Structures are given as structure tokens and as C-alpha cells.
Amino acid sequence: MESDGNQIIALRREKAARYREEGADPFANDFKPDATTAKIRDLYGEKDAEALAEVETEYALAGRILALRSFGNMAFLDLADRTGKLQIVASKKVLGPEAHKDVVKKWDIGDIVGVVGTPTRTKTGELSIMAKSAHFLTKSFRPLPEKWHGLTDMDTRYRQRYVDLIVNPEVKDVFLTRSKVVAAIRRYFVGHDYTEVETPMMHPLAGGATAKPFETYHNALDMPLFLRVAPELYLKRLLVGGLERVFEINRNFRNEGISIQHNPEFTMLEFYQAYAVHTDLMDLTEELMRELVREVHGDDLTLPYAQETIDFSKPFPRLTMEEAVLAANDDLSEGDTRNRDKLAAICKRIGQEVKADWGWGKLLTVVFEETVEKSLRQPTFVHGFPVEVSPLARRNDKDPEIADRWEFFIVGREHANAFSELNDPDDQRERFEAQMKAKAGGDEEAQPFDADYIRALEYGMPPAAGCGIGIDRVVMLLTNQPSIRDVILFPHLRPESGRGE
RNA sequence: GGGGCGUUAGCUCAGUUGGCAGAGCACCGGACUUUUAAUCCGUAGGUCCCGGGUUCGAAUCCCGGACGCCCUACCA
């Protein structure tokens, strides 16, 4: 590592060695805090200096030193724990000359320490703890980033998230919110009589979504395995097994590009409900989204996102893909939305590839993605997806070329995908065969033929609807973060170079 | 994949026409009993991303490479 020759690190190691020489442990674990900085603020935040002077209760706090302002016989340090920061006063008079000298001479910004003391208010009015005893716990060898500019390099922030979390408190808030959101989702589904399940992450066949998988290998079984691209086919096997309402929150892996809204592993919520149709899940998703906004932002159902304000208070509009495409393309008139030639002409005009074996359904979807998707800023459901691009979805009873499927858009991005499930094993077999043909034609993302899934359907899967929601994107939205990397603790990055060994 | 920008002290960044490698903070020494970017005085700290080339002389110019960011294309 780059520590060699670093003077600061060497000096801090020396300080640790000095502790050892004196019989103390620079990595002690003999201190139990009995309070948090938040508790002190809650209890005494409103009390004035006179009232605090009366308080004799001593509190034990532990945390990391984020700042140290030292005077001759007095020092102030900012102590950070999981709940926030609080100032500690280290006075020679109160602490005694030896302990005070330790604080001033041996303690560094970044060290983890414990103090026991009483609440007080300093002359400048800041609530603090007047330390009566000081306990050194953990030496920090590496200096924290500079105090004023802090750590701003995005690459370092992602690679060394631990440092990012120490010095950028709003980062911790994002991940605390993420945790709350996921907990709220669990609460919501459990409250609606769903069962949480965990299905395989390693699949012999990577099905359930049109995506390129990661491949790995099982040595003992001598077989290739794929990291899952979606849990869908396993969750629907559970519907066959009689688990009528299931959900899973877990990682999917797709061997595709990395961008501001794509990480190779991302967290997906999928849920399936027997005897529901796709429109039932629109209602459910609308309610769930409002619940999550409320969880994070309270009862005001609007959300700031970048320069926009997203309004969740009104019913989310629902329009068909054909309506949306018609409205966005003046050169298309009613009745043209299934005209392959007209759609192909638009594709060519907007510079999109048109393959010979693509039907109107695929072309309509391309035109939708290119001309409509980005404009869907407010919460919007788009339904009426072509069967051609929906290999696992149920056909509409009246319009067999359309699947009972919808996607949910906000800020021009897809956030959810849902459909009434195809449970006719013969229809499903034919759809898989069409996918096989596409695969043979060079489509790397076409789904594999899953014979066991067909067998499961042949036992009879209850009519059902299912939905997938990208949790990372939802968290981006709820925490107003521009990049998926800002809501994933350790986003995928290239390995650091020049670190060979 | 295509285009643009960047990489200099632990951190954030300057660096003029090619002429001794710089600042602030952090660190170290000193002063200071109410600071909160503490202040003041002093010291120390460098593979200028890497490898070639041009030149008397390269952080600076040229070529190649690595890494990162932004835009763009594909996927959730």
C-alpha cells in the first residue's frame, strides 16, 4: 500500500507503540458506552447552562474523533457515533494533568475513544460533555481527509466507502434511508399476507429476463452455472407449490454495461400473487410507492429529484404503449401502431437498428423507448405491451397480440415491470421455442428453454400476476441521488491498478 | 464501443513562454482555559499516474499506455 514513507502514519504507529510501552492497549476493548450523542441531545438540547450545571448524571460515550481544537489547558473535540456528533470538553482542571496531556498529545483526529462526563454548555452555547475520564480505544493510523474540502473524489469515495461514511454524514443518511425503505417494503408485503422467500442465485439456466448472464463453474458437479438475471421462474414454481403470495428482495446479476443507472449486481424486489391480474398490481404498486414516499418524506407526497418535483399525490396516469407512441410521433396515425413498415421507417429515421425477424411488436417497443420513455417524468403506468417482447406474460383475452403487462416510469426511467402471468404450459413452450429461435439468430439476451418450468406449469399454476421493482432506482428517487453508485455501498469498480502482489 | 476532460504533498488544488516543485488544511515543535475551518510563530513532507521521445534543460511539448470522470450507445 502507499503507506510506506508516510510520515503521518509512521508517527501514529509510534504513538500506538508508546501506549504499549506504558502498558496500555492502543486497541483496547474495555469500554461500554451507556449513551449516544443523540440521547444527550434529546435529553439536554433544550436546557440552558444553569440547568445543565445542576446535572450530576454521568454518561459514557464512545466514538470517533472528527475534530480536535486544543488550547493550553483546555481542548474541544467532536465525537461522532452512529447517531451523530457531540462536542467533548477536555479540561486540565476537571480531567487532571495526566489524562489531559494524553488527550492533547496522543489523541489524533480519527482515533476511537470513550469519555465519561456530565452534560454542560460551553461559553459559546454549545451542548457538550465535560469529560471526567478519558479512555483510549482504537488508534487510527491513517489520517482522515482534509477537514474543509473533505473527501470529494468520487472514485475514492466509492472505493473507500468507510472513509466516505466517516467524513460525509449525508452518505450515512442515504444508506439509513435505504434500510428504512427496504424495511418498509417488507412490512408492506408481510402486512398483505405475502411470504418472503429466497430462491437460488446460481442457476443452471439464466431465465426470467432478457439479459446476458455471468457464468461461473461448479467444480464438484463439473457443470457451468449462471448467476441469476431474475428470480421469476423460481418464484412462479412456488405459486405452483401453493405459496400463493410470495416476494423476494435480492440481487440480480447482469453482464452488461455500467452506467449512472446500471450496476452489474442490483437489488430487485419481485412479488407474485395468485388470483390477481396485472391491473391489481398497478393498484398495489401505486399504494406501495406512496407508502414509501410517506416513509421517507412524510405526508407531503411530493419528492424533489434533481431539478424536478415528483408528485405522488394524484392517481398515476395509465396509458397504453400505442397511445403513448401515437402522441409522441406526428408521422404516425391511428391504426399505424401495428404497421411494421411505418414503425420500421420511424426506427430508421431515429437511427435505430431494424432486424429482419423483428415484428411490429418489437419495433413499437423500440419506438416507445426512443421517443416516449424519457418524457415520462411524473409517475406513469404504461400498459399494453406487445406479446412479442413479453415471453412470460399472459395474452390479453380480447387482443391476443398484446400481453397483460405494464411498466412503471418516473423521471424518464423504468422503475417496475409487471404482468399477468402466462400459466398455459403449451403457450409457454411455444414462447420459449420462439426465444430459442431468436438465440439461434444471434440474440444473446434471448431466454433459454426451461423444461422444468414447463413441467411445473403442467401441474397447474394458479392464475396470477407478478411484478419486479428495481430497489436501487427507487432508493435513488427517494434519496434524490443522481447515480446508482450513490445508493449502493460498494458499487462495482475496476480493481485498483498498481497494487500487484 | 465512440467523443471530451482529468491524474502534482495525507486531503483540496495552483504551477505563467520549457528554466530551483508551490499554497491552504492535515502532520511535527512552540504559545494559549471556551473553541467549533480556533488563532499565532516555526519545521518537515514530492515516483509531478506509468513508459518512451524532443531538448542544454520537461510537471509543462510529442508518442504510447494505465486509471478516473462526464457525454453518448446497450441493459433494470
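Here the structure is a predicted model, which is why all the values come from computation and not from measurement. (Residues numbered from 1 in each chain as written. Chains lettered and ligands numbered in written order. Predicted model: local features only at pLDDT ≥ 70, side-chain atom pairs only at ≥ 80, totals over all residues. Heavy atoms only, no water.)

Undergrad: It is not clear to me how the overall build of chain A should be interpreted in this structure. Could you clarify?
TA: Along its length, chain A carries 16 helices and 18 strands. Each principal axis of the C-alpha distribution contributes one length, and for chain A these read about 85 × 55 × 50 Å. Taking all 501 residues of chain A together, 48% fall into the buried category. A separation of at least 24 residues holds for 66% of the contacts in chain A among residues at least 6 apart in sequence. (Helix = DSSP H or I, 4+ residues; strand = E, 2+ residues; numbered from the N terminus. Buried < 20%, exposed > 50% of the residue type's maximum accessible area, 1.4 Å probe, protein only. Contact = heavy atoms within 4.5 Å.)

Undergrad: Looking at this structure, how should I read the protein's contact with RNA strand B?
TA: The immediate surroundings of RNA strand B are formed by 46 residues, with Thr124, Lys147, Glu256, His262 and Arg473 found nearest. The protein-proximal atoms of RNA strand B, defined as those within 4 Å of the protein, are 49% sugar or phosphate. A distance of 2.4 Å is found between a base oxygen of RNA strand B and a side-chain nitrogen or oxygen belonging to Thr122. Measuring from a base nitrogen of RNA strand B, one finds a side-chain N or O atom of Glu126 at 2.4 Å. Element by element, the count of residues in the surface near RNA strand B is highest for helix α1 (residues 7-21), at four residues. The residue inventory of the surface near RNA strand B, partitioned by class, reads nine nonpolar, 18 polar and 19 charged. (Near = heavy atom within 4 Å. Polar contact = N/O pair within 3.5 Å; in protein donor to acceptor, adjacent residues only side chain to side chain. Nonpolar A, V, L, I, M, F, W, Y, C, P; charged D, E, K, R; others polar.)

Undergrad: Looking at this structure, how should I read the sheet that holds strand β7 (residues 202-203)?
TA: Strand pairing in a sheet relies on backbone hydrogen bonds. The paired strands run either parallel or antiparallel. Taken together, three strands build an open sheet; the order of strands is β7-β9-β8 and the sheet is antiparallel. On the outer flanks of this sheet lie β7 and β8 (215-218), each paired with one strand and no other. (Pairing = 2+ DSSP bridges.)

Undergrad: Quick question: what am I supposed to make of a negative patch on the surface here?
TA: Taken together, Asp357, Glu388, Asp443 and Glu444 make up a surface patch of like negative charges. Mapped onto the elements of the fold, Glu388 is located in the loop between β15 (380-386) and β16 (402-410). (Patch = residues over 30% accessible without salt bridge, like charges linked within 9 Å, V, L, I, M, F, W, Y side chains within 5 Å. Areas by Shrake-Rupley, 256 points an atom, 1.4 Å probe, with all protein chains shown as cover. Salt bridge = Lys/Arg side-chain N within 4 Å of Asp/Glu carboxyl O. Lys, Arg positive; Asp, Glu negative; His and termini not counted. Charge placed at Lys NZ, Arg CZ, Asp CG, Glu CD.)

Undergrad: Teacher, can you tell me more about the layout of surface pockets here?
TA: As a volume, the second largest pocket reaches approximately 800 Å³. Residue lining of the second largest pocket: 31 residues in total, with Leu66, Lys85, Leu144, Ile166 and Val167 positioned closest to the centre. Within the residue set of the lining of the second largest pocket, elements represented by two or more residues are β1 (59-70), β2 (74-81), β3 (84-91), α7 (161-167) and α8 (169-191). When the residues that make up the lining of the second largest pocket are grouped by side-chain class, the tally is 14 nonpolar, six polar and eleven charged. Here the lining of the second largest pocket spans two domains, since at least three of its residues come from each of domain 1 (2-144) and domain 2 (167-317 + 378-486). (1 Å grid on protein atoms, 1.4 Å probe; cavity = no way out; pocket = protein on both sides within 12 Å on 5 of 7 lines; lining within 4 Å. Points joined across faces, edges and corners; volume = space filled by probe spheres on them. Domains from an automatic or database assignment.)

Undergrad: Would you mind going over a nonpolar patch on the surface with me for this structure?
TA: Together, Tyr162, Leu489 and Phe490 make up a nonpolar patch on the protein surface, roughly 330 Å² of accessible area in all. Within the secondary structure layout, Leu489 lies in the segment after α16 (471-479). Note on Leu489: relative accessible area 37%, which makes it partly exposed.

Undergrad: Can you help me understand the sheet that holds β3 in this one?
TA: Reading around the circumference, β1-β2-β3-β5-β4 is the order of the five strands in this closed barrel, with mixed pairing throughout. Each neighbouring strand pair of the sheet contributes to a mean axis angle of 55 degrees, computed without reference to strand direction. By the bridge criterion, eight bridges tie β2 to β3 in an arrangement that is antiparallel. Across the sheet, residue Asp78 finds its bridge partner in β3, namely Gln87. (Axes fitted to C-alpha atoms, helices over the stretch in contact; angles between N-to-C directions.)

Undergrad: Hey, could you run me through the pairing of strand β12 (residues 302-305) in this one?
TA: Remember that side chains alternate between the two faces of the sheet whenever the strand is regular. Burial along β12 is one-sided: the residues Leu303 and Tyr305 are buried and none of Thr302 and Pro304 is. Pairing between β12 and strand β13 (residues 308-311): four bridges, direction antiparallel. Each residue of the ladder has a partner; that of Pro304, found in β13, is Thr309. Two successive antiparallel strands, β12 and β13, enclose a turn made up of two residues, where Ala306 displays a positive phi of approximately 50 degrees.

Undergrad: Sorry if this is basic, but what is going on with the environment of Tyr44 here?
TA: With respect to the helices and strands, Tyr44 occurs in helix α2 (residues 37-44). A relative accessible area of 8% means that Tyr44 is categorised as buried. Separated by 77 residues in the primary sequence, Tyr44 and Arg121 have C-alpha atoms spaced 9.6 Å apart. Discounting chain neighbours no more than four positions away, the residues touching Tyr44 are Leu52, Val55, Thr57, Tyr59, Pro119, Arg121 and Leu127. Among the polar contacts made by the side chain of Tyr44, one reaches the side chain of Tyr59 at a distance of 2.5 Å.

Undergrad: Would you mind showing me how to read the pattern of salt bridges here?
TA: When the charged atoms of two side chains lie near each other, side chains of opposite charge can form a pair. Across all of its chains, the model carries 36 salt bridges by this definition. Across the pair Asp108 and Lys139 runs a salt bridge whose closest N-O atoms are separated by 2.7 Å. Taken together, the residues Asp108 in the loop between α5 (97-106) and β4 (112-121) and Lys139 in the loop between β5 (127-138) and α6 (154-159) connect sequence positions 31 residues apart. One exposure class covers both Asp108 and Lys139, and it is buried.

Undergrad: Even after reading the chapter, I still don't get the nonpolar core, so can you show me in this structure?
TA: Taken as a class, soluble globular proteins show a tendency for nonpolar side chains to be buried jointly. Ile185, Phe189, Leu269, Phe271, Phe312 and Trp406 are the most contacted members of the largest nonpolar core, which has 45 residues in total. Setting aside residues no more than four positions away along its own chain, Leu269 makes contact with Ile185, Phe189, Phe247, Glu248, Ile249, Leu288, Cys467, Gly468, Ile469 and Ile471. By size, the runner-up hydrophobic cluster in this structure holds 24 residues, among which are Leu61, Leu79, Ile88 and Phe136. (Core = buried A, V, L, I, M, F, W, Y, C linked by side-chain atoms within 4.5 Å.)

Undergrad: I'm lost on unusual backbone geometry in this one. Help?
TA: The phi torsion of most residues other than glycine is negative, and most of the peptide bonds are trans. Here the phi dihedral of Asp222 falls at roughly 55 degrees; this positive angle occurs in a residue that is not glycine. Since its relative accessible area comes to 54%, Asp222 is described here as exposed. Positive phi, normally seen in glycine, also occurs at Asn480, with a value near 55 degrees. Inspection of the secondary structure puts Asn480 in the segment after α16.

Undergrad: Got a minute to help me understand the packing of α8 against α16 in this structure?
TA: Two measures define how a pair of helices packs: the angle their axes make with one another and the distance between the axes. Relative orientation of the contacting elements α8 and α16 amounts to 120 degrees, with a least axis distance of 10 Å. The pairing of α8 with α16 is recorded here as oblique in orientation. The crossing of α8 and α16 is right-handed. Across the interface between the two elements, Val174, Thr177, Arg178, Val181, Val182 and Ile185 of α8 pack against Ile471, Asp472, Val475, Leu478 and Thr479 of α16. (Parallel < 35°, antiparallel > 145°, perpendicular 65-115°, else oblique. Left-handed = near helix turned anticlockwise from the far one by under 90°.)

Undergrad: Teacher, can you tell me more about the domain arrangement of chain A here?
TA: For interface size, the figure often reported is the accessible area lost on association. According to the domain assignment, chain A contains domain 1 (2-144) and domain 2 (167-317 + 378-486). Taking only C-alpha atoms into account, the centre of domain 1 sits 48 Å from that of domain 2.

Undergrad: Teacher, can you tell me more about helix α13 (residues 360-371) here?
TA: Three- or four-residue spacings in an α-helix give side chains the same orientation, since the helix completes a turn every 3.6 residues. Between the first and last C-alpha of α13 there are 16 Å, a value that for twelve residues agrees with the 16 Å anticipated at 1.5 Å per step. Regarding α13, the residues found buried are Trp360, Gly361, Leu363, Leu364, Thr365, Val366, Val367 and Phe368. Next to the buried residues of α13 lie α11 (321-328), α12 (340-349), β15 and β16. (Expected span 1.5 Å × (residues − 1).)

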